[in-house]
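Letter by letter, the chains look like this.
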Amino acid sequence: MTTQARGGQQRVWRPAWPCPTRGVLGIHRVGTGDPTYKVDDAGRVWRGIRTPEGPTTLVVEARTDLGEITGHAWGPGAEWVLDGLPALLGADDDVSDFEPRHPVLTELWRRYQHLRVGRSARVWEALVPAVLGQLVTGQEAHAGFRMLVFRYGERAPGPGESRKLWIQPDARAVAGVPSWEWLRMHVDPARSRTLVAAARVADALERTVGLEHAEAERRLRTLPGIGEWTAAEIRQRAHGDPDAVSFGDYHVAKDVGWALTGTPFDDEQMRAYLEPWRPHRGRIPTMIALGGLQRPRRGARMAPRTHLPAKVTRYP
């Protein structure tokens, strides 16, 4: 139930398990400098979200002593985002048939058993940072996202504005970005073409929410430039798919192999190894990353490219 509160709307939700709000919502953070995601001194998570009803500020506060979570929202989409708060925090994620099946995973599951895969139901919001992250370093991807938000996004409504919270640009704004502006944001033509093509069918992409996960992946991958890795990144966030694995990632397969067998995997080895955990395969890399079980980084690393012009603009 939502109620009016402090100029916005409020919802108090009591989950059936000890929901780690910051752990669940952290997947939506695009690097430490993400202007659409902030954590305040009280541990509350602030997000700027573009809902079907319009731009919205959401703040989520966990009261572990009371076993409840409070969401406050401001802006045209306040009611929409609060209606979806339980799903965003993983209420629809069923872990009842998940079996760790490995000593390392048994210990990790003991530590992270309350973590759930949430569903934001915002495909465009998940697609933009995923495409910007294709075949580049995290540093480069995060910088490109920040510049795109600052130049073509908008301030979040209500108290989000005073907290310097932003909302990423909508599909129409992205479709209108000139080619030279993409280069100034350090986004190469391959990724910018994918974003512009996706922007033209953004409404259809949003309709993949609620489909069976396999069908959602199939439809996402019909778009040029959206491959297995990108579709998985979107499904993990927008669709709440616990089986989505980021095959093709620079580190994931190597880390999973090293953590579970002592030998880094390639993608096909990881695919075969994770098959017994279907439809929960995506939980395995997530727990391994949370547990800090990455392989030692002794080899060559992906380096940021230097041939594209880039100028980071500072915004208040």
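Not measured: the values here are computed from a predicted model.

Peer 1: Account for the confidence of the model for the protein, naming residues and giving values.
Peer 2: Chain-level pLDDT for the protein is 93 on average; 92% of the residues reach the 70-or-more range. Contacts from residues 309-316, a stretch scored under 50 in pLDDT, to residues over four places away or in other chains number 17 contacts.

Peer 1: Describe helix 12 (residues 213-220), and please don't skip the residues or the numbers.
Peer 2: Listing the buried residues of helix 12 in full gives Ala-216, Glu-217 and Leu-220. Considered in projection along helix 12, the buried side chains sweep an arc of 100 degrees and stay on one side of the axis. Those residues of helix 12 that are buried are in contact with helix 5 (123-132), helix 11 (202-206) and helix 13 (228-239).

Peer 1: Tell me what's going on with the environment of Gly-67, and back it up with residues and numbers.
Peer 2: Looking at the element boundaries, Gly-67 is found in the loop between strand 5 (54-63) and strand 6 (68-74). When its relative accessible area of 36% is taken as the criterion, Gly-67 is described as partly exposed. Spatially, the C-alpha atom of Gly-67 lies 6.1 Å from that of Arg-14, the residues being 53 residues apart in sequence. Filtering out sequence-adjacent residues up to four positions away, Gly-67 remains in contact with Arg-14 and Pro-15.

Peer 1: Got a sec to walk through the packing of helix 14 (residues 252-261) against helix 15 (residues 267-274)? Specific residues and values, please.
Peer 2: One way to put it is that helix 14 packs onto helix 15 with a least axis distance of 9 Å and a crossing angle of 50 degrees. Comparing their axes, helix 15 and helix 14 come out oblique. Once helix 14 is placed against helix 15, the crossing between them reads as left-handed. Between helix 14, through Val-252, Ala-253, Val-256, Leu-260 and Thr-261, and helix 15, the contact on the second element is made entirely by Asp-267, Met-270, Tyr-273 and Leu-274. Partitioning the contact of helix 14 with helix 15 into residue classes produces 7 nonpolar, 1 polar and 1 charged.

Peer 1: Account for the packing of aromatic side chains, with residues named and values stated.
Peer 2: What the rule picks out here adds up to 6 aromatic pairs. For the cation-ring pair, Lys-254 lies above Tyr-250, with the distance from its terminal atom to the ring centre recorded as 5.5 Å. Over the ring of Phe-247 we find Arg-271, and its NZ or CZ is 4.1 Å from the ring centre.

Peer 1: Describe the pairing of strand 5, and please don't skip the residues or the numbers.
Peer 2: In this sheet, strand 5 lies alongside strand 4 (residues 45-51) in antiparallel orientation, the contact comprising 7 bridges. Each bridged residue has a counterpart across the sheet, and for Arg-50 the counterpart in strand 5 is Pro-55. With antiparallel pairing between neighbouring strands as the criterion, strand 4 and strand 5 make up a hairpin whose turn holds 2 residues. Direction of pairing for strand 5 relative to strand 6: antiparallel, over a ladder of 7 bridges. Across the sheet, the residue bridging to Val-60 is Gly-71, located in strand 6.

Peer 1: Please set out the side chain of Arg-44 residue by residue, giving values where relevant.
Peer 2: Relative to the elements of secondary structure, Arg-44 occurs in the loop between strand 3 (37-39) and strand 4. When sequence neighbours within four positions are dropped, the list of residues in contact with Arg-44 reads Lys-38, Val-39, Val-59, Val-60, Glu-61 and Arg-163.

Peer 1: Account for the side chain of Asp-241, naming residues and giving values.
Peer 2: The residue Asp-241 is located in the loop between helix 13 and helix 14 in this model. The exposure class of Asp-241 is buried, given its relative accessible area of 3%. Within the structure, the side chain of Asp-241 is placed 2.7 Å from the side chain of Arg-235, a separation counted as a polar contact. A polar side-chain atom of Asp-241 sits 2.8 Å from the main-chain amide nitrogen of Asp-243. Setting aside chain neighbours within four positions, we find Asp-241 in contact with Val-117, His-213, Arg-235 and Gln-236.

Peer 1: Tell me about the nonpolar core, and please be specific about residues and values.
Peer 2: If you look at the biggest cluster of nonpolar residues, it comprises 34 residues, and the most contacted ones within it are Trp-124, Leu-127, Trp-182, Leu-195 and Ile-234. Counting only elements with at least two residues in this core, the list comes to helix 5, helix 6 (138-152), helix 8 (171-175), helix 10 (189-200), helix 11 and helix 13. When residues of this core are assigned to their parent elements, the largest contribution, 8 residues, is made by helix 5. Sequence-distant contacts of Leu-195, that is, excluding residues within four places in its chain, are made with Trp-124, Leu-127, Val-128, Val-131, Leu-132, Val-174 and Trp-182. Phe-247, Leu-260, Trp-277 and Ile-284 belong to the second largest nonpolar core, which has 20 residues in total.

Peer 1: Describe the environment of Leu-66, and please don't skip the residues or the numbers.
Peer 2: Tracing the sequence through the fold places Leu-66 in the loop between strand 5 and strand 6. Sequence-wise, Leu-66 and Arg-14 are 52 residues apart; in three dimensions their C-alpha atoms are separated by 8.7 Å.

Thresholds, definitions, all that
Residues numbered from 1 in each chain as written. Predicted model: local features only at pLDDT ≥ 70, side-chain atom pairs only at ≥ 80, totals over all residues. Heavy atoms only, no water. pLDDT = per-residue confidence, 0-100. Contact = heavy atoms within 4.5 Å. Buried < 20%, exposed > 50% of the residue type's maximum accessible area, 1.4 Å probe, protein only. Helix = DSSP H or I, 4+ residues; strand = E, 2+ residues; numbered from the N terminus. Arc of directions from axis to C-beta. Axes fitted to C-alpha atoms, helices over the stretch in contact; angles between N-to-C directions. Parallel < 35°, antiparallel > 145°, perpendicular 65-115°, else oblique. Left-handed = near helix turned anticlockwise from the far one by under 90°. Nonpolar A, V, L, I, M, F, W, Y, C, P; charged D, E, K, R; others polar. Phe/Tyr/Trp six-rings, centres within 6.5 Å; stacked < 30°, edge-to-face > 60°. Lys NZ or Arg CZ within 6 Å of the ring centre and 35° of its normal. Pairing = 2+ DSSP bridges. Polar contact = N/O pair within 3.5 Å; in protein donor to acceptor, adjacent residues only side chain to side chain. Core = buried A, V, L, I, M, F, W, Y, C linked by side-chain atoms within 4.5 Å.

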